[in-house]
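# A structural walkthrough
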Amino acid sequence: MFSPKRTKPFCDSIRKLATQFTKSANSGPIARAPFEPPSSGSSSISSRFGVFSGRLRGETSTSKGFGFVSRRNYYSDGRQVRHFRPRGYKRWIQNPRTVFIVVVVGIGGAITIYYGNLETVPYTKRKHFVILSRDVERRLGEAEFQKIKASFKGKILPAIHPDSIRVRLIAKDIIEALQRGLSHEHVWSDPGYSSDGHGIVVHDGMKQDTIMALKGDVEAIENWRKEDEVLDDRWVKDSRRKGGKHPTTQHLEGLKWEVLVVNEPVVNAFCLPGGKIVVFTGLLQHFRTDPEIATIIGHEVGHAVARHAAEQITKNLWLTILQLILYQFIMPDIANAMSSLLLRLPFSRKMEIEADYIGLLLIASAGYDPRVAPMVYEKLGKITGESALRDYLSTHPSGKTRAKLLAQAQVMEEAMNIYREVIAGRAIEGFL
């Protein structure tokens with residue numbers, strides 16, 4: 001049961017508090033202590049109202065024991081109207097000086113990263129941006145090579161198999177030609193065969209197959225009309241004229257080349273970063289001569305020379321960022337189709353043409369007739385299946401387009417000059 005004597009001090013405190021609020025609204029800011037406690041029984045109430053009044057003034061009052069400092073969370077405009085200060089990113093975005101500093105530092109960092117990772121592709125002298133380091137690229141290639149060996153366990157031909165010996169010798173010719181083409185010393189190992197064996201014995205009596213030039217077919221290719229082409233090599237001429245003089249070849253130093261022949265009816269071959277060459281027996285069943293096999297291996301080594309795998313990873317990163325931006329404006333399916341048709345696929349076809357050119361010079365320096373290369377790509381197109389839309393909807397140009405470009409390009413003349421010198425016993429260096 002409440003007593004009037006006990007509740008009177010509390011009612012007096014409420015009246016004094018209301019009086020202080022009314023005066024502060026008319027005269028100025030609210031005092032930190034709105035009233036003097038009338039009795040010891042109301043000290044806790046007054047302290048609570050004191051904290052509340054401080055928060056109304058825009059101050060944060062906390063105990064000094066916790067190490068906090070009072071701060072203002074509002075500002076006053078010209079008419080003495082108080083506004084809460086913005087929190088989060090809006091605070092620094094509304095500061096022009098801060099925005100200027102962030103933009104300048106961001107642009108400077110982007111320019112530094114771009115030019116610090118800009119490289120020059122051998123022969124074409126095309127400059128490309130590769131953000132993936134050489135060590136990471138090499139480790140990725142070696143890890144993928146180990147996965148391939150594990151997945152095709154039991155299907156890898158032994159080192160003493162005739163197909164393994166043949167592919168290894170052809171790859172050795174290509175690698176030696178690459179070493180001459182780069183015109184400065186590299187510490188490379190001879191291409192070993194990657195199997196459970198302990199090596200192979202090479203006999204001096206083993207010879208290459210007869211080189212087949214097929215002059216009649218070459219003349220037919222040269223009679224193809226230029227205006228029928230979907231792709232052209234004008235970008236190669238422009239990049240060679242404007243590109244740097246010293247190509248980037250540090251990623252080829254210290255490579256441990258390995259060759260693997262897999263007994264699978266797959267018409268394919270590839271060269272992983274780090275010098276790991278994989279050839280499937282399905283390819284050997286369709287291409288039986290050494291110049292044909294050398295053309296395929298030279299093309300795949302050309303990908304490794306130009307660091308196309310690392311460049312593809314970098315391009316995919318930027319394309320992913322672009323797609324995320326496009327998702328905000330258009331449907332994801334349309335954004336994916338646009339990025340593939342307009343950016344991803346054209347770039348992939350461009351890399352294939354570049355690898356064709358580098359591979360053509362490599363086989364010529366290795367002593368194989370480069371005029372066989374157009375026939376190989378045309379035959380490869382027939383095996384894999386040609387299509388009228390392949391030059392638009394595929395990662396690789398059609399075999400007919402690749403054959404036309406190689407037959408008419410300036411690189412064929414350069415390759416023939418190298419080939420004539422090699423046949424005459426004079427090796428040419430520095431052609432890449």
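Description of the structure in this document. (Residues numbered from 1 in each chain as written. Predicted model: local features only at pLDDT ≥ 70, side-chain atom pairs only at ≥ 80, totals over all residues. Heavy atoms only, no water.)

### Considerations on the nonpolar core
Which entries qualify depends on this criterion: The set of buried Ala, Val, Leu, Ile, Met, Phe, Trp, Tyr and Cys residues whose side-chain atoms join them within 4.5 Å is what this entry labels a nonpolar core. Burial classification: accessible surface area is computed with a 1.4 Å probe over protein chains only, and a residue below 20% of its type maximum counts as buried, one above 50% as exposed, and the rest as partly exposed. Per the convention used, a helix needs a DSSP run of H or I reaching at least four residues, while a strand needs a run of E reaching at least two, with both numbered from the N terminus.
Leu178, Ile277, Ile297, Val301 and Leu432 are the most contacted members of the largest nonpolar core, which has 57 residues in total. With eight residues, the single largest contributor to this core is helix 12 (residues 332-365). If you look at the next biggest cluster of nonpolar residues, it comprises eight residues, including Phe145, Ile148, Leu260 and Phe280.

### Here we look at the side chain of His128
Just so we agree on the cut-off: For this analysis, a polar contact is any N or O atom pair within 3.5 Å, provided that within protein one partner can donate a hydrogen and the other can accept it, and provided that sequence-adjacent residues contribute only side-chain to side-chain pairs. In what follows, residue pairs with any heavy atoms lying within 4.5 Å of each other are defined as contacts.
Relative to the helices and strands, His128 resides in strand 4 (residues 127-129). Within the local environment of His128, its side chain forms a polar contact with the side chain of Glu311, the two groups lying 2.8 Å apart. Beyond its immediate sequence surroundings of up to four residues, His128 is in contact with Asn117, Leu118, Glu119, Val121, Ala306, Arg307 and Glu311.

### Regarding the pattern of salt bridges
For the record, the criterion: In the sections that follow, a salt bridge refers to a side-chain nitrogen of Lys or Arg positioned within 4 Å of a carboxyl oxygen of Asp or Glu.
In total, this model carries twelve salt bridges according to the counting rule given. Here Arg134 ties to Glu119 by a salt bridge, and the two come within 3.7 Å at their closest N and O atoms. Pair noted here: Arg134 is in helix 5 (residues 134-151) and Glu119 is in strand 3 (residues 118-120), with a separation of 15 residues, a long-range link. Among the residues examined, Glu119 registers a relative accessible area of 8% and is labelled buried. Two residues, Glu176 and Lys172, come together in a salt bridge whose shortest N-O distance is 2.5 Å. One end of the pair is Glu176 and the other is Lys172, both in helix 6 (residues 162-181) and four residues apart, which spans about a single turn. With a relative accessible area of 23%, Lys172 lands in the partly exposed category.

### Topic: the packing of helix 10 (residues 290-305) against helix 12
For any two helices packed against each other, the geometry comes down to the angle between their axes and how far apart the axes lie. Rule in force here: Under this scheme, a helix contributes an axis fitted over its contacting stretch, all axes are lines through C-alpha atoms, and angles between N-to-C directions fall in the 0 to 180 degree range. Oblique is the label for any angle not under 35 degrees, not over 145, and not in the 65 to 115 range, which are roughly parallel, roughly antiparallel and roughly perpendicular in turn. Each helix crossing is assigned a hand: it is left-handed if the near helix lies turned anticlockwise from the far helix by less than a right angle, otherwise right-handed if that turn is clockwise. Under the grouping applied here, Gly and all other residues not named as nonpolar or charged are polar, the nonpolar ones being Ala, Val, Leu, Ile, Met, Phe, Trp, Tyr, Cys and Pro and the charged ones Asp, Glu, Lys and Arg.
The interhelical angle for the contact between helix 10 and helix 12, taken along N-to-C directions, is 120°, at an axis separation of 7 Å. Taken together, helix 10 and helix 12 sit at an angle that is classed as oblique. In terms of crossing hand, the pair formed by helix 10 and helix 12 is right-handed. Together, Ala294, Thr295, Gly298, His299, Val301, Gly302 and His303 of helix 10 and Met351, Glu352, Ala355, Asp356, Ile358, Gly359, Leu362 and Ile363 of helix 12 make up the contact between the two elements. In the contact of helix 10 with helix 12, the residues fall into seven nonpolar, six polar and two charged.

### A short note on the packing of aromatic side chains
The geometry of two aromatic rings is summed up by the distance between their centres and the angle between their planes. Note the cut-off: Geometry of aromatic contacts follows a simple scheme: Phe, Tyr and Trp rings, the Trp one being its six-membered ring, pair when their centres are within 6.5 Å, and the pair is stacked under 30 degrees between planes, edge-to-face over 60, tilted otherwise. The rule is short: NZ of Lys or CZ of Arg within 6 Å of the ring centre and within 35 degrees of the ring normal puts a charge over the ring.
One pass over the full model with this rule turns up five aromatic pairs. Here the aromatic rings of Tyr114 and Tyr115 are separated by 5.2 Å at their centres, their planes lie at 90°, and the arrangement is edge-to-face. For Tyr114, a relative accessible area of 37% gives the class partly exposed. The class of Tyr115 is exposed, set by a relative accessible area of 56%. Counting every residue linked through ring pairs, the aromatic cluster contains Tyr114, Tyr115, Phe129 and Trp318. Above the ring of Phe347, the side-chain terminus of Lys315 is found at 5.1 Å from the ring centroid. Directly above the aromatic system of Phe287 lies the positively charged group of Lys379, at a separation of 5.0 Å from the ring centroid.

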